[in-house]
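The primary structure of each chain is shown beneath.
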Amino acid sequence: GLAGWVRVTGPYDARQRAQLLEQCRFVVMPSRHETFGMTIAEANAAAKCTVIWDHAPMNEVASPACLRVPAFEVEAYTQAMRRLLQAGDDELQMRGLHARAHARRYNWDSAAQAQEQFYLAAVEEQ
């Protein structure tokens, strides 16, 4: 019963991705294997809630406002999507704002600072 709500998209450039994120109600990320979860981080930065499998690294990247489903339980994933389809705009907006705040930790300054701390710790161990 989701066919009227779901649209599978292909590869897009940055402008087109931003447009898709602006127009959608939420994002689903049913990937079983990721190295980071850039799609989740981008969705969160765009103030969109994401439905994810509750396993690393997706559950480490996703905002606490995102819906986590036990890994690979397809029926539970379907129910999570239905829940967000039925959610009011206010709930989605609130979840999105929390997601955006969470995504702010993924920026160049914090990445550079974490890398510097790693190097300093490695030098201290020598």
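Everything below is about the structure printed above this text.
The structure presented is a predicted model; accordingly, all values stated were derived computationally and were not measured.

(A) Molecular detail of the sheet that holds strand β1 (residues 27-29). What the three strands build is an open sheet, ordered β1-β2-β3; its pairing is parallel. This sheet does not close on itself; its edge strands, each paired only once, are β1 and β3 (67-69). Direction aside, the axes of adjacent strands within the sheet are offset by 20 degrees on average. With three bridges connecting them, β1 and strand β2 (residues 50-53) associate as parallel partners. In the sheet register, V27 faces β2, and the bridge partner there is T50.

(B) Just the pattern of salt bridges, in detail. Here the structure, examined in full by the defined rule, presents four salt bridges. Its salt-bridge partner being E42, residue R17 comes within 3.6 Å of it at the nearest N-O pair. Residue R17 is located in helix α1 (residues 14-23), and its partner E42 is located in helix α2 (residues 38-45); the two are separated by 25 residues in the primary sequence. A relative accessible area of 33% places R17 in the partly exposed class. Residue R83 pairs with E91 through a salt bridge whose shortest N-O separation is 4.0 Å. Judged by its relative accessible area of 45%, R83 falls in the partly exposed class. When its relative accessible area of 27% is taken as the criterion, E91 is described as partly exposed. What emerges from the salt-bridge pattern is a single network uniting R83, E91 and R95.

Conventions and cut-offs
Residues numbered from 1 in each chain as written. Predicted model: local features only at pLDDT ≥ 70, side-chain atom pairs only at ≥ 80, totals over all residues. Heavy atoms only, no water. Pairing = 2+ DSSP bridges. Helix = DSSP H or I, 4+ residues; strand = E, 2+ residues; numbered from the N terminus. Axes fitted to C-alpha atoms, helices over the stretch in contact; angles between N-to-C directions. Salt bridge = Lys/Arg side-chain N within 4 Å of Asp/Glu carboxyl O. Buried < 20%, exposed > 50% of the residue type's maximum accessible area, 1.4 Å probe, protein only.

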